[in-house]
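Single-letter residue listing:
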Amino acid sequence: MFAWRRAGPMLFALLFVVLLVADRSAARAEEQAPGAANPDLCQRAKFRVVVDVGHTVDVPGAMSARGIPEYAFNLQLAQQVKQALADAGFGDTVLLITATAPWRGLFERAARANAMHADLFIAIHHDSVPDNLLQTWQYGGQDQHYNDDYPGYAIFVSNDNPHRAGSLLFGRFLGQELQSRGLQYTPHYTLALMGHRRRELLDAKAGVYRYDQLIVLRETHMPAVLLEAGSIVNRQEELQLASAERRTLTSAAIVAAVENFCTARAKPAEAKGAAPLRHGTLDSRP
Ligand SMILES: [Zn+2]
């Protein structure tokens with residue numbers, strides 16, 4: 001009786017330890033289960049993102065409302081995106097800077113990303129509007145051009161990219177992450193006044209447009225998107241886009257979208273076997 005009173009608590013403690021160990025091994029087994037939605041399946045160090053700096057020093061793209069070329073905005077944001085991705089474990093990220101002028105330079109960007117066997121291509125740009133929508137004001141003692149009507153980001157994908165579904169998936173993730181940080185997309189690409197620059201909105205929630213002809217999206221052999229991070233001809237948004245806060249926000253959204261995408265890409269092993277079967281079923285229909 002005396003012995004039992006001493007052994008009771010010890011047995012109870014032993015049982016507790018056994019249960020704890022069993023629980024931990026179960027958790028480990030769950031982590032390692034193939035096909036489970038777990039970030040560990042995304043091998044960040046091996047997932048290569050190419051961050052393409054839009055335009056060149058000599059042909060710098062749009063001009064901001066205060067006379068700063070788009071290329072300067074693109075370079076600064078892209079550098080921060082690269083650093084943020086590296087800090088998040090995507091150490092294989094490549095910053096793509098091109099000196100060759102378009103059109104040759106555009107094909108060169110895609111060729112370089114293809115040669116690197118990149119897993120994802122993100123072109124960084126800042127938006128403007130067609131010349132006929134620009135107004136003139138004085139800034140710094142000079143005539144500058146602006147349009148305050150269409151602030152916001154825009155995301156483009158090409159249906160001519162061989163990874164059309166992957167491109168759209170990443171575009172959606174990116175739009176969702178930008179919006180969860182309080183940013184809005186610009187709907188003006190759907191307006192008739194955009195003329196031949198008018199685009200089909202593929203995802204009206206995330207702000208993903210279809211732009212098949214874009215060379216960097218069409219010629220790349222991996223999922224590819226082009227991000228217009230905001231409008232630099234909008235006098236208010238230009239100031240935000242020039243701030244460290246906005247760059248940090250956009251970079252964080254891109255990192256989160258890449259994490260989501262890498263995890264989603266790591267899963268298809270389970271679906272691979274099912275795909276041909278579905279095809280067979282469809283093909284055998286009368
Ligand atoms: Zn641009």
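Residues numbered from 1 in each chain as written. Predicted model: local features only at pLDDT ≥ 70, side-chain atom pairs only at ≥ 80, totals over all residues.

J.: So, the confidence of the model for the protein: which residues are in play, and what are the values?
T.: Counting all residues, the mean pLDDT for the protein is 86, and 79% of those residues have values of 70 or more. This stretch, residues 11-37, has a pLDDT under 50; its non-local contacts, to residues over four places away or in other chains, come to eight contacts. Predicted confidence for residues 270-286 stays below pLDDT 50, and this span has one contact to residues more than four positions away or in other chains. (pLDDT = per-residue confidence, 0-100. Contact = placed C-beta atoms within 7 Å.)

J.: Describe the sheet that holds strand β1 (residues 49-53), listing the residues and the values that go with them.
T.: The mixed open sheet is built from seven strands, whose spatial order is β2-β1-β3-β9-β6-β8-β7. The open sheet has two edge strands, β2 (94-96) and β7 (200-203), and neither has a second partner. Looking at each pair of strands side by side, their axes are set apart by 30° on average, direction ignored. Sheet analysis places strand β6 (residues 154-157) next to strand β9 (residues 224-231), joined by three bridges and oriented antiparallel. Bridging from a neighbouring strand, Phe156 pairs with Leu226 of β9. (Pairing = 2+ DSSP bridges. Helix = DSSP H or I, 4+ residues; strand = E, 2+ residues; numbered from the N terminus. Axes fitted to C-alpha atoms, helices over the stretch in contact; angles between N-to-C directions.)

J.: Pulling in residues and values, what's your account of helix α7 (residues 244-266)?
T.: Owing to its 3.6 residues per turn, the α-helix brings residues three or four apart onto one side. With 23 residues, α7 should cover 33 Å at 1.5 Å per step; its first-to-last C-alpha distance of 33 Å lies within 8% of that length. Among the residues of α7, those classed as buried are Arg247, Thr250, Ser251, Ala253, Ile254, Val255, Ala257, Val258, Glu259, Phe261 and Cys262. The elements touched by buried residues of α7 are β1, α2 (70-87), β3 (120-127), α4 (164-180) and β9. (Expected span 1.5 Å × (residues − 1). Buried ≥ 20, exposed ≤ 12 C-beta atoms within 10 Å, placed from the backbone.)

J.: A description of the pairing of β7 should follow, citing residues and the corresponding values.
T.: As defined by bridge partners, β7 adjoins strand β8 (residues 208-210) across three bridges and the pair is classed as antiparallel. Following the sheet pairing, Leu201 is matched in β8 by Tyr209. The turn linking β7 back onto β8 is made up of four residues, and Gly207 within it adopts a positive phi angle of 80°.

J.: Can you explain the packing of α4 against α7? Please cite residues and give values.
T.: Close contact between α4 and α7 brings their axes to 8 Å; oriented N to C, the two are set at 140°. Taken together, the axis directions place α4 and α7 in an arrangement best described as oblique. In this structure, the crossing between α4 and α7 has a hand that is right-handed. For the pair α4 and α7, the contacting residues are Leu169, Phe170, Phe173, Leu174, Glu177 and Leu178 in the first and Ala253, Ile254, Ala256, Ala257, Asn260, Phe261 and Ala264 in the second. Tallied by class, the residues present in the contact of α4 with α7 amount to eleven nonpolar, one polar and one charged. (Parallel < 35°, antiparallel > 145°, perpendicular 65-115°, else oblique. Left-handed = near helix turned anticlockwise from the far one by under 90°. Nonpolar A, V, L, I, M, F, W, Y, C, P; charged D, E, K, R; others polar.)

J.: Provide a residue-level description of the packing of α2 against α7, including the pertinent values.
T.: Following both chains from N to C, one finds α2 and α7 inclined at 45°, their axes separated by 9 Å at the closest point. Relative to α7, the element α2 lies oblique. The way α2 lies across α7 gives a crossing that is right-handed. Counted together, Gln76, Leu77, Gln80, Val81, Ala84 and Leu85 of α2 and Arg247, Thr250, Ser251, Ala252, Ile254, Val255 and Val258 of α7 form the full contact between these two elements. Its residues assigned to classes, the contact of α2 with α7 shows eight nonpolar, four polar and one charged.

J.: Go over unusual backbone geometry, please, and point to the residues and values.
T.: Phi is mostly negative for residues that are not glycine, and the peptide bonds are mostly trans. Put simply, Pro102 and Trp103 share a cis peptide bond, and its omega is 5°. Relative to the helices and strands, Trp103 resides in the loop between β2 and α3 (104-115). Positive phi, normally seen in glycine, also occurs at His55, with a value near 70°. Note that His55 resides in the loop between β1 and α2. In this structure His55 comes out as buried when scored by C-beta crowding, with 25 C-beta atoms within 10 Å. Non-glycine residue His117 carries a positive phi angle of around 50°. Mapped onto the elements, His117 comes out in the loop between α3 and β3.

J.: Just give me the short version of α4, but keep the residues and values in it.
T.: Spanning 17 residues, α4 covers 24 Å between terminal C-alpha atoms, matching the ideal 24 Å at 1.5 Å per step. For α4, a buried count of twelve out of 17 residues is recorded, marking the element as mostly surrounded by other parts of the structure. Among the residues of α4, Gly166, Ser167, Leu168, Leu169, Phe170, Gly171, Arg172, Phe173, Leu174, Gly175, Glu177 and Leu178 are the ones counted as buried. Positive phi shows up at Gly182, right after α4, with a value of about 90°.

J.: Give me the environment of Leu183: which residues, what numbers.
T.: Tracing the backbone shows Leu183 in the loop between α4 and β7. Assessed through the 20 C-beta atoms surrounding it within 10 Å, Leu183 is described here as buried. Sequence separation of Leu183 and Thr250 is 67 residues, and the distance between their C-alpha atoms is 8.9 Å. The residues touching Leu183, leaving out its near neighbours within four places in the chain, are Tyr153 and Leu178.

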